[in-house]
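The primary structure of each chain is shown beneath.
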Amino acid sequence: MRSRLFAALLVAGCSPAPRPTPEVMPEVAAEYGAVYNDWDEARLRALYPADARLNPEVTREHLAWLHARLGECGAPEFMWSFGKRAARFTHACERGALESSLVLDEAGHIVSARSGAAGIPTPPELLAAANAVLASLPWTWDTKRSFEHNLNLHAAIQLGRCELVRPWVVSERGGLFHVRCDGGRAVLRLGLHANATISLAELLPASDYKGPPIAR
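**Remarks on the packing of aromatic side chains**
Counted by the stated rule, this structure contains two aromatic pairs. On the numbers, 6.0 Å between centres and 75° between planes, the contact of Phe78 with Phe89 is edge-to-face. Placement of Phe78 in strand 1 (residues 73-81) and of Phe89 in strand 2 (residues 86-93) is noted, with a sequence separation of eleven residues between them. Overall, the relative accessible area of 53% leaves Phe78 in the exposed class. By relative accessible area, which is 2% here, Phe89 ends up buried.

Rendered as structure tokens:
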């Protein structure tokens, strides 16, 4: 795994001239994977613009949590793109897979990075929160919300009752879940505060979702 990842990074280092963001995207994903495998704050900072507001300690803790569960991961494989400067990649690991979703600026620096683990047990607090959000459906226009950051009201009304199909990717305090609703399939995006209360809940109907087929 290390040899393949090193080869990808070597190609990135030999580039003779700047190239459009879509071309450098796999190399940035490979470098992100290298930082995941062997933490290096300087390499992480080099992936971002010089003036980026970055908290390396938060990123280090996040990647360490994933690494403890997935082990070493290999080179990135393209999953899909969502615009010219954004794409999602999967990295095969010793246990499960690392998935990274990256958005780059024109210069090829990261402006947004999200990562999670596929194929590992879901943290109990996260699973309980997902089930609690789904149990609160269906909503009406005057539904009293029971968590801080509420679902898109239109989607929560339109989709009706929903049930969990399976977790997709998870981290210590966030995840994506495939769900089945009266109004069709959807993806639930969920985030938690450190005290396990909900910080983010979003329902993406199949019509608004771009990616692999949602599990039935």
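**A look at the nonpolar core**
Within the largest apolar cluster, 48 residues are counted, with the highest numbers of intra-cluster contacts made by Leu151, Leu188, Leu190 and Leu203. Counting residues per element, this core draws most heavily on helix 2 (residues 21-37), at seven residues. Contact partners of Leu151, with chain neighbours within four places excluded, come to Val133, Leu137, Trp139, Ala156, Leu188, Ala201, Glu202 and Leu203. By size, the runner-up hydrophobic cluster in this structure holds seven residues, among which are Trp80, Ala118, Val169 and Leu176.

Analysis parameters
Residues numbered from 1 in each chain as written. Predicted model: local features only at pLDDT ≥ 70, side-chain atom pairs only at ≥ 80, totals over all residues. Heavy atoms only, no water. Phe/Tyr/Trp six-rings, centres within 6.5 Å; stacked < 30°, edge-to-face > 60°. Helix = DSSP H or I, 4+ residues; strand = E, 2+ residues; numbered from the N terminus. Buried < 20%, exposed > 50% of the residue type's maximum accessible area, 1.4 Å probe, protein only. Core = buried A, V, L, I, M, F, W, Y, C linked by side-chain atoms within 4.5 Å. Contact = heavy atoms within 4.5 Å.

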